[in-house]
Amino acid sequence: MDHLKVAIGSDHGGFKYKQKIIDYLNARNIEFVDVGTHTPESCDYPEIARNVAELVVSGQVDRGILVCGTGIGMSITANKTRGIRAALCGDTYSARVSRAHNNANILCLGERVIGEHLALDIVDIWLKTGFEGGRHKRRVDIIE
Ligand code: RB5
């Protein structure tokens, strides 16, 4: 996780978990950009997802994390940006394999779906796991 730079964003439905994930990143000295939302007021998740996606594909950050109520709206939107491979994860196995096999560059989480401690475990595993390459690179190349 050394030198990893992350962009993080949420709508109001993921606002609480975004703060928890920021606490996690700060505790581990992981550099991040917080694209908002910055208040618990209702807002439009596609704007946030697009901003994180653009930071990732432009190379300004290495990876992104997006949280909304379900994680679904964030993942649908983020995957519309060419070069984004956003993975909506509700378990640690999927989080690990989304990195190892799919080289996912954005993690999406649903605050209204999974518990806080599971969400933080997923973030931890997702950030620590590298892409295995090999046969998986061929498949990711086909996606791209
Ligand atoms: C907001 O109410 C909710 O629709 C949003 O957080 C997310 O779940 C969308 O996919």
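Predicted, not measured: the structure shown is a model, and the values here were computed from it.

S.K.: I'm lost on the overall build of the protein in this one. Help?
M.R.: Along the backbone of the protein there are six helices and five strands. Shown N-terminal to C-terminal, the secondary structure of the protein runs as helices and strands in the order β-α-β-α-β-α-β-α-β-α-α. In summary, the protein has a C-alpha radius of gyration of 14 Å against a globular reference of 15 Å for 144 residues, a match within 12%. Taking the principal axes of the C-alpha coordinates as reference, the protein spans close to 45 × 30 × 25 Å.

S.K.: When you look at unusual backbone geometry in this model, what are you seeing that I'm missing?
M.R.: Comment: phi is negative for the bulk of residues other than glycine, and the bulk of peptide bonds are trans. With an omega of 5°, the peptide bond running from Gly36 to Thr37 counts as cis. Relative to the helices and strands, Thr37 is located in the loop between strand 2 (31–34) and helix 2 (45–57). For Asn29, which is not glycine, the phi torsion reads 55° and is therefore positive. Along the chain, Asn29 turns up in the loop between helix 1 (15–27) and strand 2. The residue Asn103 is not glycine, and still its phi comes out positive at about 50°. Looking at where Asn103 falls in the secondary structure, it is placed in the loop between helix 4 (92–100) and strand 5 (106–110).

S.K.: Help me out: how do you make sense of the sheet that holds strand 3 (residues 63–68) in this one?
M.R.: One open sheet accounts for five strands, arranged 2-1-3-5-4; its pairing is parallel. A single partner strand is all that each edge strand has here, and the edge strands are strand 2 and strand 4 (86–88). Strand-to-strand twist in this sheet, taken as the mean axis angle between neighbours without regard to direction, amounts to 20°. As defined by bridge partners, strand 1 (residues 5–10) adjoins strand 3 across five bridges and the pair is classed as parallel. Within strand 3, the position partnered with Ile8 by the bridge is Ile65. In the packing of helix 1 onto the sheet, the strands contacted are strand 1, strand 2, strand 3 and strand 5, and the crossing angle to strand 1 comes to about 160°. In the packing of helix 5 (residues 116–128) onto the sheet, the strands contacted are strand 1, strand 3 and strand 5, and the crossing angle to strand 5 comes to about 170°.

S.K.: Looking at this structure, I do not really get the site of the ligand. What am I missing?
M.R.: As a matter of local geometry, the ligand sits amid Asp11, His12, Tyr45, Cys68, Gly69, Thr70, Gly73 and Arg112. Contacts to the ligand include Asp11, whose side-chain N or O atom sits 2.6 Å from an oxygen atom. A distance of 3.3 Å separates an oxygen atom of the ligand from a polar atom in the side chain of Arg112. Protein chains shield 73% of the accessible area of the ligand, which is 290 Å² for the free molecule.

Basis of the calculations
- Residues numbered from 1 in each chain as written.
- Predicted model: local features only at pLDDT ≥ 70, side-chain atom pairs only at ≥ 80, totals over all residues.
- Heavy atoms only, no water.
- Helix = DSSP H or I, 4+ residues; strand = E, 2+ residues; numbered from the N terminus.
- Rg over C-alpha atoms; globule rule 2.2 N^0.38 Å.
- Pairing = 2+ DSSP bridges.
- Axes fitted to C-alpha atoms, helices over the stretch in contact; angles between N-to-C directions.
- Contact = heavy atoms within 4.5 Å.
- Near = heavy atom within 4 Å.
- Polar contact = N/O pair within 3.5 Å; in protein donor to acceptor, adjacent residues only side chain to side chain.
- Areas by Shrake-Rupley, 256 points an atom, 1.4 Å probe, with all protein chains shown as cover.

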